[in-house]
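Summary of the model geometry
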Amino acid sequence: MRHLLLLLMLLLSPLARAQELTLPTPEAGHANGGVEPAMVPLPRPELVVGEVTTKRFRLLYTAKSEGSARQLAGSIESIRDGFVSVLGRDWPGVTEIRVGVGRQEFEALALPGGAPPGWAVALAYPSHRIVLLNALTMAGPEGMVTLRHELAHVALGQLARGWPRWFQEGLAQNLTGENWSMTHYTALFRAVTQEKVFRFEHLHDAWPDLPSDVEIAYAQSAAFVAWLSARYGPEGMGRLVDEVATGQPFERAFGKAFSSSLWVEELAWREGLAARYGWLPLTTSSSLLWLGMTGLVVAAYVRRRKQKEEHLAQMEAQDAAEEAQLRAALEAELAQQRALLVPATPLPVDGMEPADAPKPADAAALEWSEPVEPLVTNGPEFEDDEEGMPRPPKPTVH
């Protein structure tokens, strides 16, 4: 499933590259990239109303952020213990975390001369062991990742000086778990397939300009530091911290800590990139199995959906046919009833009345009356009137 998502993200990568000139998204920031404020006694910000202390931390809060500060105090020590398990060393002293709510409080808690950039949602001053946090950011899903990232810069700044940029960013991402994101995997896939993996000596101080190249720089830094940590463990990382703390250049300290040069280790790491981030992982048996299963599921869903649509179409056609048949039968029955109620009258022929035409009422009465006997007369006046109408019979006198 991860490889399927990767393919989808690769298909969308041209759209992402088309948006490279957009403004940077809010993210964590640290003072390592610039000049930190001078190490002079600093008064507590007027906005601070109280503090919560633990064994190795002091959390300053405002009137709005007291709840967030007290909640963070319950987990901050375990976060620092996780750093020790990776670095093999713990940084000295008590680290101060200033918590505010909203952009206005966040900027008001900054050190004089060290205002946070407009895009930053958190800020670290490694030399001062101070971290600025926005409680609104901590409430989001990336809140703890942001905190861990800033603490990583404080840890490196307190343990030693002269860390290259790629090591700082790579270690911070490993301590926060960002190196396992799909964004990093996609960036490294693009770097391997396009043969655009940067040399780490070119990422010592400078950083790429294009957002797509910045993604690759972050991703390969995190991957290389994870590779070194897995290869040499906390003991080797602790030796590296100790060697860098002596003030010697990083490459020399690297060689003493790992008994190898940075370039040799980088070559060994590069040899496995194609197997981990190239097309090869997409063609392994397990990957093909998952992709095949995913394809079968999608095909079965499409087929089932098509069958369902065809079945619904057949049912609709059958319903329409039955409705038409019922309508025709009803119309035939209505026509038959109309024929019984209103009989048809034939047209007259040659000016004669039709045989079945209704007769007048008096004619009908005559048809149903009894026949009348012909009148017999003896008078001479009636001899010539044989065709006249018979007279009614005389009444009988009793």
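Bear in mind that the values here come from a model prediction, so they are computed numbers and not experimental data.

Right, let's talk about the overall build of the protein for a bit. Each helix and strand counted, the protein has 14 helices and 6 strands in total. Burial statistics for the protein: of 398 residues in total, 37% are counted as buried. Considering only contacts in the protein between residues 6 or more positions apart, those separated by 24 or more positions represent 67%. Looking at the protein as shown, the accessible area adds up to about 25,000 Å², and 59% of this sits on carbon and sulfur atoms.

Of the two faces of strand 2 (residues 50–53), the one lined by Gly50 and Val52 is fully buried and the one lined by Glu51 and Thr53 carries no buried residue. Taking the residues between adjacent antiparallel strands as the criterion, strand 2 and strand 3 (residues 57–61) are bridged by 3 residues.

Looking now at the pairing of strand 3. In regular strands, side chains alternate between the two faces of the sheet. Of all 5 residues in strand 3, 4 are buried, a share of seventy percent or more. As paired elements, strand 2 and strand 3 share 4 bridges and run antiparallel to each other. Bridge pairing in strand 3 places threonine 53 opposite arginine 58. Pairing analysis gives 5 bridges linking strand 3 to strand 4 (residues 95–100), with the strands arranged parallel. Looking at strand 4, one finds that tyrosine 61 is bridged to valine 99.

Below, the discussion takes up helix 3 (residues 76–87). Between its terminal C-alpha atoms helix 3 stretches 17 Å, which fits the 16 Å expected from 12 residues at 1.5 Å a residue. Every buried residue of helix 3 is listed here: Ile76, Glu77, Ile79, Arg80, Phe83 and Leu87. Down the axis of helix 3, the smallest arc covering the buried residues is 160 degrees, so these residues share one side. Elements that come into contact with the buried residues of helix 3 comprise strand 3, helix 2 (66–73), strand 4, helix 6 (143–159), helix 7 (165–176) and helix 9 (211–245). Just downstream of helix 3, glycine 88 is the residue with a positive phi angle, here 80 degrees.

Conventions and cut-offs
Residues numbered from 1 in each chain as written. Predicted model: local features only at pLDDT ≥ 70, side-chain atom pairs only at ≥ 80, totals over all residues. Heavy atoms only, no water. Helix = DSSP H or I, 4+ residues; strand = E, 2+ residues; numbered from the N terminus. Buried < 20%, exposed > 50% of the residue type's maximum accessible area, 1.4 Å probe, protein only. Contact = heavy atoms within 4.5 Å. Areas by Shrake-Rupley, 256 points an atom, 1.4 Å probe, with all protein chains shown as cover. Pairing = 2+ DSSP bridges. Expected span 1.5 Å × (residues − 1). Arc of directions from axis to C-beta.

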